[in-house]
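# Architecture and fold: a report
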Amino acid sequence: MTTLAEANRRIHVVPSSDLARVYVWEWPVRITHWLIAASIIVLSATGIYIGRPFVISHSATFMATVKTVHSYTAIVFTLAVASRIAWMFVGNSYARWYNFIPVHRHRRKGLVGTFEFYVFLLRKPPGYVGHNPLAGMTYLLVFLLYFMMITTGFALYSMSAPVGSPMRAFQFLLPLFGNLQAARWIHHVGMWMLLGFAVHHVYSSILMSQVEANATTESIFSGYKFVPRQDVTEPGFRADKARRRRA
C-alpha cells in the first residue's frame, strides 16, 4: 500500500507554480482502460449485428466470423476487467479499491462536497487527485455492470458452444437470469447502458479537465496530473473551506 509519504516523494513541483506533477495512473490502469474501451466498441458493433443482421452477406461464414470476433473480444474484455480489479489490491493509492468503496471517513465526507459541486452549490470541485468519492462509487456500479455483461455473455455462449467446449461449463449461469431470452435481454440493455456511460465519461472527463485545469483527459495517456499541492496532502480541502465560508 502506497503511503502518503511515498506519494509525496513522487510529486514534482512545477517551477514558479503552486501545482505539482503527480504520477496518478500507472501503466496497468491505462492499458486496461483502453482495452476495456476498445472492447466495448467492438463488442457493441458485433453484438448489434448478431442480434439483428443489417448486412446481407452471400458468404455462409460471415455470421460465424462476426461471432468469433465477438467471442475473442469478450475474452480480452474479461481479462482486462479482471486485471483492473486485481490492480485495485496491488496498485498505487489512486488505483486501490477504497477509492471505489468509501470505507474511509474522509472519502465518505467528500461525497457531500462532490455532490454539492455537481448540483452547482460549489463553484469549484473538491480537491481530489484521483477519483473523487462520487465518481469512485459510480465506477463501482460500472464494474458491477461489467460483471453482469460477462456473466450473461458467458451464459449465452455456453448454450451454443460446441460439444466438448470448456465454455459449456458456464451453463449453470443461465438459471440465474431466468431463461435464455431474459439473459439475452439483460445483455442487450447492459450494452446500451455501457454505451451511454461511455458518452457521459468522455464528456465529463473533458469538462473536468477544463474546470480543474489539471490534465485529467491527458492523464489517461501520460499517467500524470498537475494538481495543487494541497490536494495531495489534504484531499477535499476546497469543499471544506467553501462550507466553512458559507457557515
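First things first, this report covers the structure right here in the doc. (Residues numbered from 1 in each chain as written. Predicted model: local features only at pLDDT ≥ 70, side-chain atom pairs only at ≥ 80, totals over all residues. Heavy atoms only, no water.)

Okay, the overall build of the chain next. The helix and strand tally for the chain stands at nine helices and three strands. In the chain, the order of α-helices and β-strands from amino to carboxyl end is α-β-β-α-α-α-α-α-α-β-α-α. If you sum the accessible surface of the chain, you get close to 14,500 Å²; carbon and sulfur atoms cover 69% of it. (Helix = DSSP H or I, 4+ residues; strand = E, 2+ residues; numbered from the N terminus. Areas by Shrake-Rupley, 256 points an atom, 1.4 Å probe, with all protein chains shown as cover.)

Along the chain, Val112 falls in helix H4 (residues 105-118). Along the sequence, Val112 and Pro126 sit 14 residues apart, while their C-alpha atoms lie 9.8 Å from each other.

If you trace the backbone, Ser219 turns up in helix H7 (residues 216-222). Given a relative accessible area of 1%, Ser219 falls into the buried group. At 3.2 Å, the side chain of Ser219 and the side chain of Trp25 are in polar contact. Residue contacts for Ser219: discarding those within four places in its chain leaves Trp25, Arg30, Tyr224 and Lys225. (Buried < 20%, exposed > 50% of the residue type's maximum accessible area, 1.4 Å probe, protein only. Polar contact = N/O pair within 3.5 Å; in protein donor to acceptor, adjacent residues only side chain to side chain. Contact = heavy atoms within 4.5 Å.)

Here we come to the packing of aromatic side chains. Within the structure shown, the criterion is met by ten aromatic pairs. Geometrically, the ring pair formed by Phe154 and Phe170 is edge-to-face, given 4.8 Å between the ring centres and 65° between the ring planes. With Phe154 in helix H5 (residues 133-160) and Phe170 in the loop between H5 and helix H6 (180-212), this pair connects stretches of sequence that are 16 residues apart. Residue Phe154 is classed as buried on the basis of its relative accessible area, which comes to 17%. Ring pairing ties together the aromatic residues Phe77, Phe100, Phe143 and Tyr146, which thus form one cluster. (Phe/Tyr/Trp six-rings, centres within 6.5 Å; stacked < 30°, edge-to-face > 60°.)

Because the α-helix completes a turn every 3.6 residues, residues three or four places apart line up on one side. In this model, helix H2 (residues 27-51) (25 residues) spans 35 Å end to end at C-alpha, consistent with the 36 Å of a helix rising 1.5 Å per residue. All of the buried residues along H2 are Pro28, Val29, Arg30, Thr32, Ile36, Ser39, Ile40, Leu43, Ser44, Thr46 and Tyr49. Elements that come into contact with the buried residues of H2 comprise strand S2 (19-23), helix H3 (62-87), H5, H6 and H7. (Expected span 1.5 Å × (residues − 1).)

On to the packing of H5 against H6, then. Contact geometry for H5 and H6: axes closest at 9 Å, N-to-C directions at 145°. For the element pair H5 and H6, the recorded crossing hand is left-handed. Between H5, through Thr138, Tyr139, Val142, Leu145, Tyr146, Met148, Met149, Thr152, Gly153, Leu156 and Met159, and H6, the contact on the second element is made entirely by Leu180, Ala183, Arg184, Ile186, His187, Gly190, Met191, Met193, Leu194, Phe197 and His201. Residues that form the contact of H5 with H6 fall into these classes: 15 nonpolar, six polar and one charged. (Axes fitted to C-alpha atoms, helices over the stretch in contact; angles between N-to-C directions. Left-handed = near helix turned anticlockwise from the far one by under 90°. Nonpolar A, V, L, I, M, F, W, Y, C, P; charged D, E, K, R; others polar.)

The next thing to look at is the nonpolar core. In this structure, Ile36, Ile40, Phe77, Val81, Phe143, Tyr146 and Leu194 are the most contacted members of the largest nonpolar core, which totals 28 residues. Residue assignment for this core shows that the elements contributing at least two residues are H2, H3, H5 and H6. Of all the elements, H5 adds the most residues to this core, at eleven residues. For Ile36, the residues in contact, after removing those within four places along its chain, are Phe77, Ala80, Val81 and Tyr146. Judged by nonpolar contacts, the second largest core, of eleven residues, contains Val22, Val24, Val29 and Val129. (Core = buried A, V, L, I, M, F, W, Y, C linked by side-chain atoms within 4.5 Å.)

A few words on the environment of Lys67. One can find Lys67 in helix H3. With 20 residues separating them in the primary sequence, Lys67 and Gly47 have C-alpha atoms 8.2 Å apart.

The terminal C-alpha atoms of H5 lie 42 Å apart, and with 28 residues this matches the ideal 40 Å at 1.5 Å per residue to within 8%. The N-capping residue of H5, defined by a side-chain oxygen 3.0 Å from the backbone nitrogen of Leu134, is Asn132.

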